[in-house]
Every structure is written in C-alpha cells, then in structure tokens.
Amino acid sequence: MFQPKKKRPRIRKTMSGLIALTLLSSLILPNVAGAEPVEPSQVQFANVSVQAGQTVHVPVALKKSYFGVKAYNMQIDYDTSALEIVRITPKSVNVISTSPNEDGVADFQYQINNAEGWVRIIWVDFTGGDHSIVDETQLFDMEIKAKSNAAPGTKQLSVDQTDSEHWHFTNVEHNSGAQLFGGTITITAANSGGDNSGSTPTPNPGNSSGGGGGSVSPTSPVVTPVPSTPAVTKGVDIYVNGQKQEQSATASTSTVNNQVTTTVHVDNDKVINQVGSGLKTLLLPITGTGKGAVVGELNGKLVKTMEGSNAEVVIQTDSGTYTLPANQIQVDQILNQFGSTVPLEDITIQIAIVPSATSKQTAIQAAAGKLENTTVIAAPIDFEVKAIWNGQQVNVDRFNSYVERSITLPEGVDGSKTTTGVVLQPDGSLLHVPTKVIKGNVQDSAIINSLTNSTYALIYHPATFSDVSSHWSRDDVQDLASRLIVQGTGESVFAPDRSITRAEFTAVLLRGLGLHSPRSTEATSFTDVKTGSWYEDEVQTAVSYGLISGYADDSFRPNSEISRAEALTIVSRAMKLVGLAQADASETTSLLSTYSDSAKVQAWAAEPVASAIKQELVQGTDGKLMSDADISRAQSAAIVKRLLAKAGLI
C-alpha cells in the first residue's frame, strides 16, 4: 500500500497547485484489494435563506462516514447572476491545521472564482491517517452574498459528482465515495429601506449607556461586509485557565473597507472537554493587529457549557480587552429568539472589539468640543456580542451585572490624564461610565464597567470649583465633576453645603452608576413627575432598577429635599446592583448602636443605614447619624464616590 511521506510535497498556492493537491488526495489511500464495499460518506450543505444584498453562512458538514475521511476535494458551482462567495473558513480545526509547513503548503486550501461561479476546496491529511475526519463534523463554512439585484427565488449550490476532480472523498480504509445533500439558497426581497450590503448595523446609542436586565434584541438579518482581500487562515494558540492550548483555534484575517478584521474560530469541542477539569477562563490573545478589529467565535453549545461552570471568555487585543462571563451572554434567551429546536452547536456567538466608525469618532469629538476643558484621549471602540444562525442575527445588548472591558491608551499617553470613559447619546452628549485607570509597564489602560454593550471613548476633563478649594469634600467633588457625575451651580461654584433634592440625588447616583436609560419599557407614573421635566427620564430609570418607589400617595416629591435616611435607602438598593453585601438583621442593631442617636433611625431605614455603615459609606458626625437631617450636595458626592470605589468601579 502506498504510504505518504511525513514531509509534505511542495505545491504552489495556485490553481495548478490545487489540482495537484486534488490528484494527491485521490491517490493517498487507494482501495484495499479484496475489501468489502461500504456505504458512501454523506456530506450536507445547509439549506438557508437570505435577503438580496445581504450575506449568509452555509455550513458544510460530514454527516456520516464509516471509516473516517483522510482527504477530499470538491468544486462547488453557483449562479453568478445572483450569488458570490465572500470567504471560506475551515471548521474542523481538531484535524485541519491549515498552517503551512516549511515548503509553504497548508492542509486546507481553497480558491474562489466569482467571475466564473465556482470555488475549489481541497483538504489532505498529511499525517498518514492519524487525523481523519469522522461523523458529525463541520468541514468548513461558506459565507455567501446574495447580490443586491438578485431576484427572489431559489438557487442551488451544485457539484459535478461524476468528475473526480470536482468531487472526491478518500476514506482511511476504503475509497467509498460520498453523497451530497442540501445546498438550496432561498433569496427573498431586500428590505424596503434599501440595500444594506457592505455595512454593519449600528447599535442604537440610546440603549448602550445604561440599561441592563439581561435582554437580547429581536432577530434581524445578518449583514456581513464583503472583504476586499481573501481571508488568510492560520492556527493560533488559546489559553484555558492560564494553560496554553496549542492549535485549539484558527484565525482568519481579511480587509473590509480598509479595516483589517481578524476572526478567531475556537475549537468548541476541544474546549468543552476542558470543562470537566474546572474550566474558569478561556483566553483568546490576539496581538499584532494594531487598530484592526478582532472577533472571537464560539458556538452556543460551548457558551452554554461554560455558563454551567461559571466560566468567562476573555478577548485580548492590542487596543483593548473584553472579559465576558458566559452567563451574561444569555444563551437561553438567544435560543428563544431563534427557536427552541435549533441545535446550540449551530448558533455562532461572536464577541467583538472593533474600532468605531468615522462617523462616531466625529460625533464624539464634536460632543467633547461642547464641554469646557475636555480632550478625547483615545479613539472610540465598539464592544459587541452577536448570535448568528441561519442568516439571522441577535444582538446581546444588556447584561444582568456589570461587565468589564478595557481600552489601551496610546503609547506615551499618561493614564493620569484620563478622567473617565464616556458613551455617546442620541442627543449628541457624552455621559460617564464607571472607569478606573491602571498603570502598565509600557502602556496604561482604562477599565470600564457597564451593564450594556456600546461605543466607548476616554476623555480628560479636569474640573475645579472655587468654593470647595478648602472644603472637606474638595477631592470627592472635583473627582466626580471630572467624571461628568456632578455639576456646579454657577461658574466655578459648586455650593457644597446646600441641600439636594430627591430628583437631584437620584440623577447624581444614576450618573455615577452609568445608568442612563431604563432597563425596560414598562412605564411608571407618579402624580407629581411632570412630562417633559428634566428629571422625568431619571425617575423612570431609577424605578426600572428598583432604586426608588415613591410614597403611598403615588407621589415622588422630586423637588423636596432628601434626608440622609432616604438617600441611604436608595444607596442601599444600589449596593445590590454593584454587588456589595448589605447588613442582615443580626448586624443592624450592633452597627447602629455605636451612634448616640440611633434610636431616631426609623424602622424602615434601619437596615439600609446599617448597610451603608457596614460598607463605610457613612461615618456620622460627632458620634451621630443625623438620619432625619437633609443631606448636602457635598455629602451626596462623597457617598456616591465611596459606593463606586468600594464596588471597584472607579
């Protein structure tokens, strides 16, 4: 029997090279003389639907093979009047290295000819049969675009199975052939809004800066930009619990609209096998991409498995890092959007760090220009999570708890010149998100915690007030002012000792927490919250997060001064949101008893006030809590800053 050499033959990466590799695949293991015939392997092209002008993924899978496949080649033909191939991505990374050897030959090769309407795909196991492809394995993924002028109807991906140069599968023990199923593409009419090809849907900034509640957006058609360069694929290493997992993923790089995008495809099954060993962190370190976009791809089955072990996935790039607990992706909600019968392994989860579009950069610069003494420190970055199945897309926009991401400051930029991270609002304003700066050996970085995905930028906005220069609250007030959390009452004036209203305190707390829109659309009305008032949205947002509830007569009393006990009650509810432990019933009495006026703390405020004492958010004055006294603007700033610092958000 012919045995291939361990060293791969030299084959050029041209069409003639592909043909040569095809011929090699047909000779690599001929039929065994006298062997019993076996049933052919079964290969399935997915049947999909796509709107004109958009793209769709077509998985190609080996559904059945009796002895495993060790080489295959195929030429897929398609109608060029309606379709074009965007890219081919190998999926069997456990058996396909795709990495070239010293002679420049890769196991997996392909060539696309959109002018004539064909794509050739070749794979050969150069190990001599040690890494054959077995049943129920996706071979590769075809990304196909329906042209904007394509008429509604069906198109068929076809293969001439009578020509061995167009269709040939070699098994480890037998040359049994293969049968092909599927490959129907149903084209539907484009949206009435026009052709969206070549662009990525932009999230609504109004849902990006606050929110929460763990919601996902409704399904929408997948819109994938067409690359201007062919994808270059190579094997990459990932890390599980800090341990390198060699060749457990592949990375493909292409250019779209002058934007370099690197997509990392994780070997889902290989990582799932690590869960039994206590998988906690899956790290995808993708460096050397500069300002390029990076997308990590996992399937729903892996995410669901990681969710069960409380694991997190970390995407690490030159421009930033995204740390996402698997349970925040909310696979069950995604499955409900696609349909409960959809196999989780067929759902692709994309976690992306992408430089913001030029239009967003311009808008942020314009918004910063409207703020006094403000400089944009780093170019804005989009953090995105998407689920894709059968040409449909679900955006994961909001989370149940704060999710951490970081932006790397440009080299040579001092982190002390960054005061906060911001998000751009629909009205063109910039609002604070909880941010802390970390010093690095070479470059500093800003860590941002948010309950949503969004476009983030970093600014330097130093703020001072003449009337706090010698006040006890100076550092707290000026820090929060530099973060756009508190504002002055006039030019260079803060009025630190002035009392604060219930609406004002609510607004300051929400800004500090980075909550700028309600977590739900359910309306809550108070008899005295006027439509169109400056605090209407703040009250609605606070109610949606359970921070305020109003009075028994359905009033909120927005313009009434707020007492210390009332303020601390709202803060104690915020403690739950940021993960700070509250005082239980057994602790409350002992915590309050150290203050001489503890008997004046009303029963409804006892545990909230004790919780604030427990977390050192309040200290009292001269041994007194003064729970019934009005809280001042300075005291409000101090308490909000202590809350954020204690929670590790700033």
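Residues numbered from 1 in each chain as written. Predicted model: local features only at pLDDT ≥ 70, side-chain atom pairs only at ≥ 80, totals over all residues. Heavy atoms only, no water.

**Thoughts on the sheet that holds strand E10 (residues 167-171)**
Read from one edge of the open sheet, four strands run E6-E7-E4-E10, paired in antiparallel fashion. Bordering the open sheet on either side are strand E6 (108-113) and E10, each of which pairs with just one other strand. Taken over all neighbouring pairs, the strand axes of this sheet differ in orientation by 5° on average, direction set aside. Bridging between E6 and strand E7 (residues 118-124) involves six bridges; their strand directions are antiparallel. Residue Tyr 110 lies in a different strand from E7, and its bridge partner there is Ile 121. (Pairing = 2+ DSSP bridges. Helix = DSSP H or I, 4+ residues; strand = E, 2+ residues; numbered from the N terminus. Axes fitted to C-alpha atoms, helices over the stretch in contact; angles between N-to-C directions.)

**Description of the confidence of the model for the chain**
Overall, the prediction assigns the chain a mean pLDDT of 83, with 82% of residues at 70 or greater. pLDDT under 50 marks residues 1-17. Its contacts with residues more than four places away, or in other chains, come to 40 contacts. Low pLDDT, under 50, characterises residues 23-37; the predicted model gives this stretch 29 contacts beyond four residues in sequence or across chains. (pLDDT = per-residue confidence, 0-100. Contact = heavy atoms within 4.5 Å.)

**Regarding the pairing of strand E16 (residues 259-266)**
Of all eight residues making up E16, six are buried, and the element is well covered by its neighbours. Looking at chain direction, E16 and strand E18 (residues 293-299) are connected through five bridges and run parallel. The residue of E18 that forms the bridge with His 265 is Glu 297. (Buried < 20%, exposed > 50% of the residue type's maximum accessible area, 1.4 Å probe, protein only.)

**Focus: the packing of aromatic side chains**
Inspection of every chain in the model, using the stated rule, returns 11 aromatic pairs. Each ring, one from Trp 534 and one from Tyr 535, has its centre 5.4 Å from the other, and the planes form 85°; the classification is edge-to-face. On the basis of relative accessibility, which here comes to 46%, the residue Trp 534 falls in the partly exposed class. Residue placement shows Arg 502 over the ring face of Phe 556; its charged tip is 4.6 Å from the ring centre. Here the basic side chain of Arg 557 rests over the ring of Tyr 551, its NZ or CZ set 3.6 Å away from the ring centre. (Phe/Tyr/Trp six-rings, centres within 6.5 Å; stacked < 30°, edge-to-face > 60°. Lys NZ or Arg CZ within 6 Å of the ring centre and 35° of its normal.)

**Description of the pattern of salt bridges**
Summed over the entire model, instances satisfying the criterion amount to 17 salt bridges. Across the salt bridge formed by Lys 155 and Asp 79, the nearest N and O atoms sit 2.8 Å from each other. Here Lys 155, found in strand E9 (residues 153-156), pairs with Asp 79, found in the loop between strand E4 (69-77) and strand E5 (83-90); they are 76 residues apart in sequence, far enough to count as distant. Several salt bridges converge on common partners, so that one network encompasses Asp 476, Asp 479, Arg 483 and Lys 641. (Salt bridge = Lys/Arg side-chain N within 4 Å of Asp/Glu carboxyl O.)

**What about the sheet that holds E9?**
Pairing is mixed across the open sheet formed by three strands, whose spatial order is E2-E12-E9. Lying at the two open borders of the sheet, with one neighbouring strand each, are strand E2 (48-51) and E9. Strand-to-strand twist of the sheet, defined as the mean angle between neighbouring strand axes without regard to direction, takes the value 30°. Relative to strand E12 (residues 184-188), E2 runs parallel, the two sharing four bridges. Looking at E12, one finds that Val 50 is bridged to Ile 187.

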